[in-house]
Every structure is written in C-alpha cells, then in structure tokens.
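# Commentary on secondary and tertiary structure
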Amino acid sequence: MNDSNGYVYVADGQNNRIQVFNQSGYYVRKWGTTGTGNGQFNFPTGIAIDSNNGYVYVTDTNNERIQQFSLDGSFIRKWGSEGSSNGKFNHLTGVAVDSNGYVYVADKGNHRIQKFSRLGTFITKWGSRGSGDGQFDCPSRIATDQSNFIYVADSGNNRIQKFSSAGTFLEAWGRGSEGSDYGEFKAPRGVVLDEIDNMYVVDSGNNRIQKFSSEGSFLAAWGSEGSGEGQFNAPLALAIERRDSFLYVADTGNHRIQVLSLNGIFQKK
C-alpha cells in the first residue's frame, strides 16, 4: 500500500512487522515485533493508508484485531478480538479506507464485511456464507474506488463483488467457478482501482494480474508461474502508486515486490 508521498508499506507477515520503502525500493523504516501488545503483531496481512488523516491500518490477523498507526509507525489505537459478534473477527485479512475515512474489513472466517469509523466504532456489516449475491466464501481483500464503492475479492467463490458503501450488492465479476480463461479467476486474492476506476485483480491461483474497465469489461492479463521478471508464485496483494502510475505486486511465493506499469510492463523488483 502507498501513501501520498509514494512510500510503499509492506505487511511482512512471517516477520511480524511493517516495512516501508521508497519508490526506488530502498528501505526507509520498519516497526513491529512478535507479540500481543500494542504495536506488536501475529502475522499481519493487510494494510490500508488514510493519507487524508495520516493513519495506517493493519490487519493483525492471528491477534484478531485492527491496529491503527501514524505514518511513521507510532501506535494510536486497536480494536477487535476473536468472535462472530459485531466488531469481532475470525481471521481478518483485508482492510480498506474510503475518502470519508470509513474503514472496511474483510472478516474472512466469518464470511462478511464489517464497516467502522476511523476510531474503531462499529457501523454495519454484511454477508454470510454462500454463493449468492452479497454472500461470501472466505473474502480475502477489499478496495474502494473514487466514488466509495466497495470491491471484495470473494476468493472461495472465484469472483469479485461490488457494493455500495452501505453494503448493497451491485454487481460481480467472474463466473463463480474456478477457471483460467480471461475474466475467470482461481482464488482471487487482491483488488485495487486506479484513478479512472480500472480494476486490477490478483488472480493468485493462475499466477497473473487481470485488468478490467470500470464497466467490468476485460482489458488485459499478464503474468505466469515462475521466478523471472513479470512472473509470479502465488501473488497475494497489490497497490497502485497513482502519481507515477506504478502497480506494486506482493509476489509472495518469490518473497519479493514487483513493480509494473499499469499496462503490465515490468519495471523493477
């Protein structure tokens, strides 16, 4: 995930820390150690940046909570615990922030999305386990667009679902069954939107990125399994640096970040 200055924030899950890099890939800072205290982590997986308010949100997955930090890594607050009632989580993975500062969490094990204020106050939730419209099977990542619509990588159902900020189902991409044709997915893990609301999806099981128009039309796909430039091994998440039109991909199985243009041209790693 990127802040307004172009710094890249990476959830280094197995090392229980957040690392920050500049656009050239040079290390800037880090924070976090293993544990349950404030500012400690047990397998952090997702990051969202609210540059308008200077906040970083991290899904502290195995501690079943959200932690909120300043951009320099200073701990601010936390919320959540294990459970299924409002404000509790079961293996939360993805987090996103809209332009109004509302925080959306992919509560994966509870097969739902939860919405909070920037202070962690529960607002609403939607979803249950299933394959119907507005239902989920292990939602893993979440994103917002310029109009504050919500996009969810519904991984177990091999599709992307789109909602209003109140949780009203709007449309879906993918056919609901595993596939490798263009426009189909195999365990999609990440989703992000650019400034004109083109959508980029980490099609993890197919080791590729797919790109769609704001109307959902397929535009392009790139990537294949491997360790070379522009190849992937179980990619997990992605972010856009809008100022310079870069796409950052967490190439998890290769233990690296790859930088691509928005047309899929390899830039660096």
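Here the structure is shown first, and the text comes after it.
No experiment lies behind these values; they were computed from the predicted model shown.

Let's shift gears to the overall build of the chain. In terms of helices and strands, the chain carries zero helices and 23 strands. A compact globule built from 269 residues should have a C-alpha radius of gyration of about 18 Å, and the chain, at 17 Å, falls within 12% of that. Along the first, second and third principal axes, the C-alpha set of the chain runs to 45 × 45 × 30 Å. Going through the 269 residues of the chain one by one, you find that 53% of them count as buried. Taken as a whole, the chain presents about 10900 Å² of accessible surface, with 42% of it coming from carbon and sulfur. On the chain, the mean spot of the 26 positive side-chain charges and the mean spot of the 27 negative ones are 5 Å from each other.

Burial runs high along strand β8 (residues 92–97): six of the six residues are buried. Here β8 pairs with strand β9 (residues 103–107) via five bridges, running antiparallel. Looking at β9, one finds that G94 is bridged to A106. Count of turn residues in the β8/β9 antiparallel hairpin: five residues, of which G101 carries a positive phi of about 85 degrees.

Pairing within the open sheet is antiparallel, and its four strands lie in the order β16-β17-β18-β19. Only two strands of the sheet have a single neighbouring strand rather than two, namely β16 (188–193) and β19 (218–222). If you compare each strand with its neighbour and ignore which way they point, the axes differ by 20 degrees on average. Here strand β18 (residues 208–212) runs beside β19; their pairing, made up of four bridges, is antiparallel. Across the sheet, residue F212 finds its bridge partner in β19, namely F218.

Cut-offs used in this document
For every chain, the first residue of its written sequence is number 1, and the numbers climb from 1 along that sequence. Whole-chain, interface and lining totals are the exception, using all residues; otherwise, since this is a predicted model, local features are given only for residues with pLDDT of at least 70 and side-chain atom pairs are given and counted only at 80 or more. Hydrogens and water are ignored here; the side-chain numbers use all heavy atoms of the structure. In this description a helix means any DSSP run of H or I spanning at least four residues, a strand means any run of E spanning at least two, and both kinds are numbered starting from the N terminus. The globule rule used for comparison is 2.2 Å times the number of residues to the exponent 0.38, while the radius of gyration itself is calculated over C-alpha atoms. When accessible area is computed with a 1.4 Å probe and restricted to protein chains, residues below 20% of their type maximum are described as buried, those above 50% as exposed, and intermediate ones as partly exposed. For the accessible areas, the method is Shrake-Rupley and the probe is 1.4 Å, while residue cover comes only from the protein chains on display. Counted as positive: Lys and Arg. Counted as negative: Asp and Glu, with His and the chain ends omitted from the count. Where a charge sits is defined by one atom per residue type, namely NZ (Lys), CZ (Arg), CG (Asp) or CD (Glu). Pairing between two strands requires that DSSP report at least two bridges joining them. Axes here refer to lines fitted to C-alpha atoms; in helices the fit is confined to the stretch in contact. Angles between the N-to-C directions go from 0 to 180 degrees.

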